[in-house]
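# Descriptive structure summary
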Amino acid sequence: WRGQEGAPYNTLVPSDEVTINYRHGLPAITLTLPTRSERCQFTVKPMVTTVGTFLQDVQREDKGIERAEVFATDGSKVSDTTLMEVLLMNDFNLVINGTAYSVSPPVKEKLSSEHATEMEDIKSMVHRLFVALHLEDHQVRKERELLQKLDHLKEELLPLEQMKVRIVDSANAKTSRLLWVGLALMSTQGGALAWLTWWVYSWDIMEPVTYFITYGSAMAFYAYFVLTKQDYIYPDAKDRQFLHYFYRKSKTQHFNVERYNKLKEDLAEAEESLRRLRQPLHLRLPIQEISDKD
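Residues numbered from 1 in each chain as written. Predicted model: local features only at pLDDT ≥ 70, side-chain atom pairs only at ≥ 80, totals over all residues. Heavy atoms only, no water.

## Considering the sheet that holds strand 3 (residues 26–33)
Strands sit in the order 2-3-4 across an open sheet of three strands; the sheet is antiparallel. The open sheet has two edge strands, strand 2 (19–23) and strand 4 (38–43), and neither has a second partner. Across the sheet, the mean angle from the axis of one strand to that of its neighbour is 30°, orientation sign disregarded. Helix-sheet contacts for helix 1 (residues 51–61) involve strand 3 and strand 4, and the interaxial angle to strand 4 is about 145°. (Pairing = 2+ DSSP bridges. Helix = DSSP H or I, 4+ residues; strand = E, 2+ residues; numbered from the N terminus. Axes fitted to C-alpha atoms, helices over the stretch in contact; angles between N-to-C directions. Contact = heavy atoms within 4.5 Å.)

Written as structure tokens, this is what we have:
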């Protein structure tokens with residue numbers, strides 16, 4: 001047989017078996033333990049204690065209680081996460097081992113607006129004190145985590161940094177050689193034109209040759225613009241050639257550029273987070289800093 005509105009209990013005991021009285025502002029719930037047949041009082045903190053915590057306390061007090069639940073008067077089960085402050089606002093049924101106890105909490109006197117304001121101020125002060133006492137510990141733990149993350153990232157970056165240095169040196173050397181080769185070719189070309197002009201032929205013969213050489217150079221620069229969508233500026237051309245050698249060398253050396261860039265970004269982000277964490281103005285608190293690991 002099931003109770004009112006389908007509540008899972010067999011008998012309904014009158015409300016005098018479970019009584020609630022307020023003592024020093026806290027509700028004290030008194031009930032008879034089924035196995036020990038003695039009255040036991042449970043004082044709860046309404047704003048902290050949940051229904052599940054209260055039922056666990058009752059079961060710990062009487063090991064013979066196999067099942068304890070709370071139902072509303074309409075038969076719906078009350079969640080274990082519901083605060084006792086919410087439960088005590090209305091009548092409810094406390095079900096222990098299939099026996100339902102009708103509970104009618106006393107009407108709590110409403111606080112005056114002035115008293116309510118004072119209570120809110122006290123709650124706010126307690127919250128600020130809790131934050132002030134625990135925020136520094138949280139900051140220290142967070143700082144340790146960031147330092148460990150920095151050490152891990154630096155360990156991963158160390159072999160990549162060493163490989164990158166070797167690749168950069170090789171790319172720089174090849175780029176410098178290419179620049180010197182270009183200078184040597186231009187010097188050779190100028191010397192050859194001068195020798196042909198003054199010792200082999202005359203200027204009348206060499207003038208059309210120099211014109212077409214100049215025109216050919218202009219075509220080469222224009223072709224560079226068409227292919228790269230950039231003007232032929234010496235520093236930019238040098239950087240482009242350096243990157244060409246760098247990525248080609250990275251491929252042969254199996255250097256993961258994407259992985260290296262990702263690690264560098266994570267390292268910069270961790271360092272920025274650590275810098276912000278160590279700034280007292282951001283926390284409005286004195287900071288106990290942790291010395292960096294050697």
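## Some points on the nonpolar core
If you look at the biggest cluster of nonpolar residues, it comprises 24 residues, and the most contacted ones within it are Leu-31, Phe-54, Val-70, Phe-92 and Leu-94. Per-element accounting of this core gives the leading share, four residues, to helix 1. If we ignore the near neighbours within four places in the chain, the residues touching Phe-92 are Ile-20, Val-70, Phe-71, Thr-73, Leu-87, Tyr-101, Ser-102, Val-103 and Pro-105. Ranked by size, the runner-up nonpolar core spans 20 residues in total, among them Leu-160, Met-163, Val-257 and Leu-277. (Core = buried A, V, L, I, M, F, W, Y, C linked by side-chain atoms within 4.5 Å. Buried < 20%, exposed > 50% of the residue type's maximum accessible area, 1.4 Å probe, protein only.)

## Details of unusual backbone geometry
Generally, phi is negative for residues other than glycine and the peptide bonds are trans, each holding for most cases. With a phi close to 50°, Asn-97 is a non-glycine residue in the positive phi region. Structurally, Asn-97 can be placed in the loop between strand 6 (92–96) and strand 7 (99–103). Look at Asn-97 and you get partly exposed, because its relative accessible area is 34%. Of note, His-254 is a non-glycine position whose phi angle comes to about 60°, a positive value. Residue position: His-254 is located in the loop between helix 5 (234–253) and helix 6 (257–277). Note on His-254: relative accessible area 71%, which makes it exposed.

## A look at the side chain of Thr-175
With respect to the helices and strands, the residue Thr-175 is situated in helix 3 (residues 113–200). Overall, the relative accessible area of 2% leaves Thr-175 in the buried class.

## Focus on the UniProt feature "transmembrane region" (unreviewed entry) in the chain
Mapped onto the present numbering, the UniProt feature "transmembrane region" (unreviewed entry) falls at residues 178–197 and 209–227. Taken end to end, residues 178–197 is 100% helix and 0% strand, and its first and last C-alpha atoms sit 28 Å apart. The annotated region residues 209–227 carries 100% helix and 0% strand content, and the separation between its end C-alpha atoms amounts to 27 Å. (UniProt positions renumbered as here; feature names shortened; annotations may be inferred.)

## Re the pairing of strand 5 (residues 68–72)
Counting buried positions along strand 5 yields four of five residues, so the element is predominantly enclosed. Sheet analysis places strand 5 next to strand 6, joined by five bridges and oriented antiparallel. Directly across from Val-70, in strand 6, lies its bridge partner Leu-94.

## Quick word on the confidence of the model for the chain
On average, residues of the chain score 78 in pLDDT, and 79% of them are at 70 or above. In the predicted structure, residues 1–7 sits below a pLDDT of 50 and forms twelve contacts with residues beyond four places in sequence or in another chain. Counting contacts from residues 281–294, a segment whose pLDDT is below 50, to residues more than four positions away or on other chains yields 27 contacts. (pLDDT = per-residue confidence, 0-100.)

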